[in-house]
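Reading the structure
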Amino acid sequence: MSNWRTRNLVVTEDIHTVTAHLAPALLHGGADYSVEEIAVCTGLSPSRVQNSLELLSENGCVRQVGRAPDGAPFYVLP
């Protein structure tokens, strides 16, 4: 992971933090965490989490394919 970080310095630490939180679930079929849940788990503010998720989506790193029963967005790998 640190080698990847070195090559991709344009990605902020916020995005690394959010991605690290989502990665295990994404690798097992999808992540359905609310912005608030990610914020609590990562220590980031909800707005920073939301900005990170938007950037990940805009750049094709994740894709939202719906919502979980509790209303949380459901993200999968593209």
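Reading the values: the criteria
- Residues numbered from 1 in each chain as written.
- Predicted model: local features only at pLDDT ≥ 70, side-chain atom pairs only at ≥ 80, totals over all residues.
- Heavy atoms only, no water.
- Pairing = 2+ DSSP bridges.
- Helix = DSSP H or I, 4+ residues; strand = E, 2+ residues; numbered from the N terminus.
- Polar contact = N/O pair within 3.5 Å; in protein donor to acceptor, adjacent residues only side chain to side chain.
- Contact = heavy atoms within 4.5 Å.
- Expected span 1.5 Å × (residues − 1).
- Bend = angle between axes of the 7 residues up to and from the residue.
- Buried < 20%, exposed > 50% of the residue type's maximum accessible area, 1.4 Å probe, protein only.
- Core = buried A, V, L, I, M, F, W, Y, C linked by side-chain atoms within 4.5 Å.

The side chains of a regular strand alternate, residue by residue, between the two faces of the sheet. Where strand β1 (residues 63-67) and strand β2 (residues 73-76) come together, four bridges link them in antiparallel fashion. When the sheet's bridge partners are listed, Gln64 is paired in β2 with Tyr75. Following β1, the chain reverses through five residues before pairing antiparallel with β2; Gly71 in that reversal takes a positive phi of roughly 95°.

One can find Asp14 in helix α2 (residues 13-27). One polar contact links Asp14 to Arg48, side chain to side chain, over a distance of 2.6 Å. Setting aside its immediate chain neighbours within four residues, Asp14 contacts Leu44, Arg48 and Ser52.

A word on α2. With 15 residues, α2 extends 21 Å between its outermost C-alpha atoms, agreeing within 8% with the 21 Å of an ideal straight helix rising 1.5 Å per residue. Where α2 bends most, the angle comes to about 35°, and this point is His21, followed within four residues by the proline Pro24. Taken residue by residue, α2 has Asp14, Ile15, His16, Val18, Leu22, Ala25 and Leu26 as its buried positions. Phi turns positive, to about 115°, at Gly29, one or two residues after α2.

Turning to the nonpolar core, a few remarks are in order. Counting residues in each nonpolar core, the largest one holds 15 residues, and the members touching the most others are Val18, Leu22, Leu26, Ile38, Val49 and Leu53. Listing elements by their share of this core, those giving two or more residues are α2, α3 (35-42) and α4 (46-58). Setting aside its immediate chain neighbours within four residues, Val18 contacts Ile38, Leu44, Val49, Ser52, Leu53 and Leu56.

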